[in-house]
Amino acid sequence: LSFRMALCWYLLSFLFHSLYAHNDFFTSIGQMTDLLYTEKDLVTSLKEYIIQEENKLEKVKEWAGKLDSLTITATQDPEGYLGHPVNAFKLMKRLNSEWADLESLVLKDTTNGFISNLTLQRQFFPTDEDQTGAAKALLRLQDTYQLSAYTISNGDLPGVVHKSQMTVADCFELGKIAYSEADYYHTELWMAQALTQLDEGEESTIDKVTVMDYLSYAIYQQGELERALELTKRMLKLDPNHQRANGNLKYFEFQLEKQRKAESEKKEQEDKKKEKKVLDKRDAQRKRSKDPLPERKKYEMLCRGEGIKLTPRRQSRLFCRYFDNNRNPRLLLAPVKQEDEWDRPRIVRYHDIISDSEIMTVKELAKPRLKRATVHDPVTGKLTTAHYRVSKSAWLSGYEHSTIEKINQRIEDITGLEMDTAEELQVANYGVGGQYEPHFDFGRKDEPDAFKELGTGNRIATWLFYMSDVSAGGATVFTDVGAAVWPKKGTAVFWYNLFASGEGDYSTRHAACPVLVGNKWVSNKWIHERGQEFRRPCDISENE
């Protein structure tokens, strides 16, 4: 009976995990919290195993101590000792049966409980893709927020509550992942940090020679032959027989001599070369990766809060007000708090627009359904995952819960737009360094089939709820105009994606900045054209 119960429990556990097992853990902090409880359970199981092993070892030590003193006494006068019949009997008994009992005790396997638990849980562990994704997220945060490797390794991030420092092995792993992507800029930064920590005396299973091997090659790949040569010589002092270092030494010396000869032949250009500004390593890395630099730089500046500031004249036109949307019956007694965030395009924020209990309900409904967020592929017209959108999302319908129905009605009352043709409420939770790079919400002219399957026209407007505060990062930025809207729990922002003429407003190109510290939950409603014919009449002017 107990075996059957155990089997049933195992099958139920497997079914539960199968239902709630998720891939791409790194794309959602909300789901990563489950892993903490998994690890806590494993630690409990490990501690139980340690206690069993310690109990077993204590019995063995007790036996060894008792026999140690006995054999010392007995071997001083063996014949006299065995002349006592009881001692002779006890020797026979010990060697025939008691040592066999000790053998059984030593061979007793106490690992079963821990190993079976570990085996069960391991199939739901993060994968190599998760580890790589989390590593790339750290590199992305480093670039976006201009953080040094030392700052990140030391855990000195803004708004941090649970400070955590990185070991040499952690830094080395980051450098290795960058190296595997041919990202020699970040390889250098993190291998140099690992080497610094080793030089400062940190103990690690990673040795200096291994770190310098990666570091020297990364530096060489970025065109700094002299530094690469110096590191290689330092390596050979530690390990004179290192085969690759010996080969690199000859190669670097040859290349450096070749470079010096070329320079001596062009002495007249030396001064110009010295005055020439050294190419920024990160710019060089971007050229290798074909990164769209201008928008990317603007995007990162906005994420750091270095965006365009409105002129005093434009700022003076932004107001806060109580808003009832032309005396909407539902808003007459309780008008909403509306604040102008930006003028062109007009972006407004609504304060205290969703309650904590509503947020909790939305999150509870969404969490079991969270899947890797997708984007529309402009070529195929189908939904697909993308490296530039790191989050998980779920879709909630007004039919399944009264809270969602009330939220939909609230958006309709405030915007005056029809919700029957809008998309379901999309709930998103961002992962490690979670972001959504610059994009448009509406379908452009070169994407005629973007929302064809919905049959409700283009996305006329976007409503975005902020369902959590974010300690650092996570702003919504509009790259074309320089606007930055920062998350504030319980608020929502709204803007039109299309002009009244139906033409797309390209100034609404926006992005979700990487979350530096914290957990970002949002939900959004994409409102479509159909059903708005009399609510937002068409205008003949293209950009009005």
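Procedures and definitions
Residues numbered from 1 in each chain as written. Predicted model: local features only at pLDDT ≥ 70, side-chain atom pairs only at ≥ 80, totals over all residues. Heavy atoms only, no water. Helix = DSSP H or I, 4+ residues; strand = E, 2+ residues; numbered from the N terminus. Buried < 20%, exposed > 50% of the residue type's maximum accessible area, 1.4 Å probe, protein only. Pairing = 2+ DSSP bridges. Contact = heavy atoms within 4.5 Å. Axes fitted to C-alpha atoms, helices over the stretch in contact; angles between N-to-C directions. Disulfide = S-S within 2.5 Å. Parallel < 35°, antiparallel > 145°, perpendicular 65-115°, else oblique. Left-handed = near helix turned anticlockwise from the far one by under 90°. Nonpolar A, V, L, I, M, F, W, Y, C, P; charged D, E, K, R; others polar. Lys, Arg positive; Asp, Glu negative; His and termini not counted. Salt bridge = Lys/Arg side-chain N within 4 Å of Asp/Glu carboxyl O. Expected span 1.5 Å × (residues − 1). Arc of directions from axis to C-beta.

1. Observations concerning the environment of G431
- Within the secondary structure layout, G431 lies in the loop between strand 8 (425-430) and strand 9 (436-439).
- By relative accessible area, G431 is classed as buried at 3%.
- The spatial distance from the C-alpha of G431 to the C-alpha of V515 is 7.8 Å, given a sequence separation of 84 residues.

2. Notes on the pairing of strand 2 (residues 336-342)
- For strand 2, a buried count of five out of seven residues is recorded, marking the element as mostly surrounded by other parts of the structure.
- Direction of pairing for strand 1 (residues 320-323) relative to strand 2: antiparallel, over a ladder of four bridges. Bridging from a neighbouring strand, F323 pairs with V336 of strand 2.
- As paired elements, strand 2 and strand 3 (residues 347-351) share five bridges and run antiparallel to each other. In the strand pairing of strand 3, E339 is matched with R349.
- The hairpin turn running from strand 2 into strand 3, its antiparallel successor, is four residues long.

3. A closer look at the sheet that holds strand 17 (residues 521-528)
- A sheet is described by the order of its strands in space; here nine strands give the open sequence 1-2-3-14-10-17-8-7-4, paired in antiparallel fashion. Bordering the open sheet on either side are strand 1 and strand 4 (371-372), each of which pairs with just one other strand.
- Where strand 8 lies against strand 17, four bridges are found, and the strand directions are antiparallel. When the bridges of strand 17 are listed, N429 appears paired with W521.
- On top of the sheet, helix 17 (residues 356-366) reaches strand 7 (391-396), strand 8 and strand 17; it is set at about 100° to strand 7, its chief contact.
- Lying on the sheet, helix 18 (residues 402-415) is in contact with strand 1, strand 2, strand 3, strand 7, strand 8, strand 10 (459-466), strand 14 (491-496) and strand 17; it crosses strand 10 at an angle near 120°.

4. Some words on the sheet that holds strand 9
- Pairing within the open sheet is antiparallel, and its four strands lie in the order 9-15-12-13. Only two strands of the sheet have a single neighbouring strand rather than two, namely strand 9 and strand 13 (483-485). Here the average twist between neighbouring strands, direction ignored, is 15°.
- In terms of strand pairing, strand 12 (residues 476-478) meets strand 15 (residues 510-512) through three bridges, oriented antiparallel. Bridge assignment links V477 to a residue of strand 15, and that residue is A511.

5. Quick word on the state of the cysteines
- According to the stated counting rule, one finds one disulfide in the structure shown.
- In this model, C303 is linked to C513 through a disulfide, with the two sulfur atoms separated by 2.0 Å. The chirality of the disulfide connecting C303 with C513 is left-handed, given an S-S dihedral of about -90°. A residue pair is termed long-range when its members are at least 10 positions apart, and C303 in helix 15 (residues 293-303) and C513 in the loop between strand 15 and strand 16 (515-517) qualify at 210 residues.
- Overall, C303 belongs to the buried group, its relative accessible area being 2%.

6. Topic: the packing of helix 2 (residues 29-76) against helix 4 (residues 85-107)
- Orientation of helix 2 relative to helix 4, taken along the N-to-C sense of each, is 150°, at an axis distance of 10 Å. The angle between helix 2 and helix 4 falls in the class roughly antiparallel. Where helix 2 crosses over helix 4, the handedness of that crossing is left-handed. For the pair helix 2 and helix 4, the contacting residues are K56, K59, V60, W63, L67 and L70 in the first and R94, E98, W99, L102, L105 and V106 in the second.
- Across the contact of helix 2 with helix 4, the residue classes break down as eight nonpolar, no polar and four charged.

7. Side note on the side chain of K520
- By the element assignment, K520 lies in the loop between strand 16 and strand 17.
- One buried charged residue, K520, forms no salt bridge at all, with the nearest opposite charge on D469 at 12 Å.
- When sequence neighbours within four positions are dropped, the list of residues in contact with K520 reads A428, N429, Y430, S468, V470, G474, A475, T476, A512 and V515.

8. Observations regarding the packing of helix 8 (residues 168-180) against helix 10 (residues 208-221)
- Closest axis-to-axis distance for the helix 8/helix 10 pair is 11 Å, and the angle between their directions is 35°. The crossing of helix 8 and helix 10 is left-handed. Residues F172, K176 and Y179 of helix 8 form the contact with helix 10, whose own contacting residues are T210, V211, Y214 and Y217.
- Classifying every residue of the contact of helix 8 with helix 10 by side-chain character gives five nonpolar, one polar and one charged.

9. Some remarks on the pattern of salt bridges
- All told, the structure shown has 29 salt bridges when counted by the stated rule.
- The partner of D156 in a salt bridge is K163, with the nearest N and O atoms 3.0 Å apart.
- The partner of K489 in a salt bridge is D356, and the shortest N-O contact between them spans 3.8 Å. With a gap of 133 residues between them, K489 in the loop between strand 13 and strand 14 and D356 in helix 17 connect regions that are remote in the sequence.
- According to the relative accessible area criterion, K489 is partly exposed, its value standing at 37%.
- Connected through shared salt-bridge partners, E188, E224 and R227 make up one network.

10. Examining helix 11 (residues 225-238)
- Taking 1.5 Å per residue, 14 residues should reach 20 Å; helix 11 reaches 20 Å between its end C-alpha atoms and fits that length.
- Inspection of helix 11 places L225, A228, L229, L231, T232, M235 and L236 among the buried residues, and these make up the whole buried set. The arc that holds every buried residue of helix 11, seen down its axis, measures 165°, which confines them to one face. Away from the buried face of helix 11 by more than 90 degrees, exposed residues E230 and K237 are located.
- Where helix 11 is buried, its residues meet helix 9 (184-199), helix 10 and helix 12 (243-264).

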